Amino acid sequence: PFDLVTEARRIGLDGVVITEHNGWPAHDSDEFVRGIDHDGLVLIRAVEVYTPLGHILAFGYQGPSSPLHGGIEAVEQLHAEVEAVGGVMVIAHPFRFLFNPAGLFTQNKLFEDPRTVPDTPEQAAEHPVFRIVHEVEVVNGGGTPRETRFAHDVVNVLGRNGTGGSDAHSAAGLGKGTTSFVGDIRHERDLIDAIRSGEFHAVQDFHVGRPVPYAKEPPAPS
């Protein structure tokens with residue numbers, strides 16, 4: 001946590017969200033902010049939930065009440081639990097490994113059968129998971145440029161904004177993917193409300209001082 005705060009300050013972030021895998025043990029949750037001089041840096045806890053269709057970031061939610069099984073049904077179950085507590089869901093890196101060479105299966109969780117790999121963003125946007133989650137991650141710190149461009153095109157088809165996240169598991173890479181919000185995010189509820197309102201866009205390479213915005217493109221004139 002101390003390295004996290006130091007690096008976040010160094011690169012100029014206003015806040016950081018830690019999405020712990022599948023939930024926070026009580027002692028970890030307490031230790032997250034105890035004794036840290038974060039001096040105005042907003043620190044928010046969230047959960048990165050493993051589902052059969054990939055990782056989903058859940059804000060305002062403590063973790064699955066039971067193991068998630070099945071396919072789309074698991075995401076529907078998660079959605080019901082997150083909605084019950086007034087939270088939001090963002091599918092993380094949905095197109096990771098989508099364009100890697102495949103054998104009998106791909107490494108992508110949404111399109112494991114190579115025969116189903118979409119040729120266009122329009123085809124990808126038809127996947128039912130995008131009708132369940134509240135938002136889609138566009139910029140991921142571990143993603144490739146091709147995956148990022150494709151995700152951006154898909155969120156435009158969906159009419160969403162798209163978020164950005166570092167996916168950093170250490171101080172290295174923090175800020176590689178970020179989300180720029182309109183107005184101040186002071187705590188978890190502000191973050192959830194802002195995601196629901198759509199007042200944000202994804203940003204790449206904030207950490208090296210060359211931020212690239214991935215804002216939603218206006219619809220083409222009819």
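Data block above holds the structure.
Residues numbered from 1 in each chain as written. Predicted model: local features only at pLDDT ≥ 70, side-chain atom pairs only at ≥ 80, totals over all residues. Heavy atoms only, no water.

(A) Broad picture of helix 5 (residues 145–158). Taking 1.5 Å of rise per residue, 14 residues should cover 20 Å, and helix 5 covers 20 Å from first to last C-alpha, within 8% of that figure. At the C-terminal side of helix 5, G159 shows a positive phi close to 75°. (Helix = DSSP H or I, 4+ residues; strand = E, 2+ residues; numbered from the N terminus. Expected span 1.5 Å × (residues − 1).)

(B) Quick look at helix 6 (residues 188–197). Looking only at helix 6, the buried set comprises D190, L191, I192, A194 and I195. Directly after helix 6, the chain includes G198, whose backbone phi takes a positive value near 80°. (Buried < 20%, exposed > 50% of the residue type's maximum accessible area, 1.4 Å probe, protein only.)

(C) Inspection of the pairing of strand 2 (residues 42–51) at higher detail. Most of strand 2 sits inside the fold, with 8 of its 10 residues counted as buried. Strand direction decides the pairing type here: strand 1 (residues 15–21) and strand 2, joined by 7 bridges, are parallel. Of the residues in strand 2, the one forming a bridge with V16 is L43. Two elements, strand 2 and strand 3 (residues 54–59), share 5 bridges in a ladder whose sense is antiparallel. Bridge pairing links V47 to A58 in strand 3. With antiparallel pairing between neighbouring strands as the criterion, strand 2 and strand 3 make up a hairpin whose turn holds 2 residues. (Pairing = 2+ DSSP bridges.)

(D) The nonpolar core, seen in detail. Among the nonpolar cores identified, the biggest contains 33 residues, and L78, I91, F95 and V129 are the most heavily contacted of them. Elements supplying a minimum of two residues to this core: strand 2, strand 3, helix 3 (72–84), strand 4 (88–91), strand 5 (135–140) and helix 5. Excluding residues that lie within four positions of it along the chain, I91 makes contacts with L53, H55, I56, L110, V129, F130, V133, E135, V136 and E137. Among the nonpolar cores identified, the runner-up in size contains 14 residues, and A46, V90, L191 and I195 belong to it. (Core = buried A, V, L, I, M, F, W, Y, C linked by side-chain atoms within 4.5 Å. Contact = heavy atoms within 4.5 Å.)

(E) Spatial organisation of the pattern of salt bridges. Tallied over the entire structure, the rule returns 7 salt bridges. Here E83 ties to R196 by a salt bridge, and the two come within 3.2 Å at their closest N and O atoms. Highlighted residues: E83 in helix 3 and R196 in helix 6, separated in sequence by 113 residues. Given the relative accessible area of 33%, E83 is considered partly exposed. Note on R196: relative accessible area 41%, which makes it partly exposed. A salt bridge links K109 to E112; its shortest N-O distance comes to 3.7 Å. (Salt bridge = Lys/Arg side-chain N within 4 Å of Asp/Glu carboxyl O.)

(F) Structural detail: the pairing of strand 5. Burial analysis of strand 5 places 6 of its 6 residues in the buried class, which makes it a mostly covered element. Both strand 4 and strand 5 contribute to a ladder of 2 bridges, which runs parallel. Considered in strand 5, the bridge of I91 is made with V136. The sheet contact formed by strand 5 and strand 6 (residues 163–165) spans 3 bridges and is parallel.

(G) The arrangement of the sheet that holds strand 9 (residues 212–214) in detail. Judged by pairing direction, the sheet is antiparallel, and its 3 strands sit side by side in the order 7-8-9 without closing on themselves. Looking at the sheet topology across the chains shown, the edges are occupied by strand 7 (177–181) and strand 9. Each neighbouring strand pair of the sheet contributes to a mean axis angle of 35°, computed without reference to strand direction. Inspection of the sheet shows strand 7 paired to strand 8 (residues 200–204) by 5 bridges, in the antiparallel sense. Bridge pairing in strand 8 places F181 opposite F200. (Axes fitted to C-alpha atoms, helices over the stretch in contact; angles between N-to-C directions.)

Structural measurements only, silent on function.
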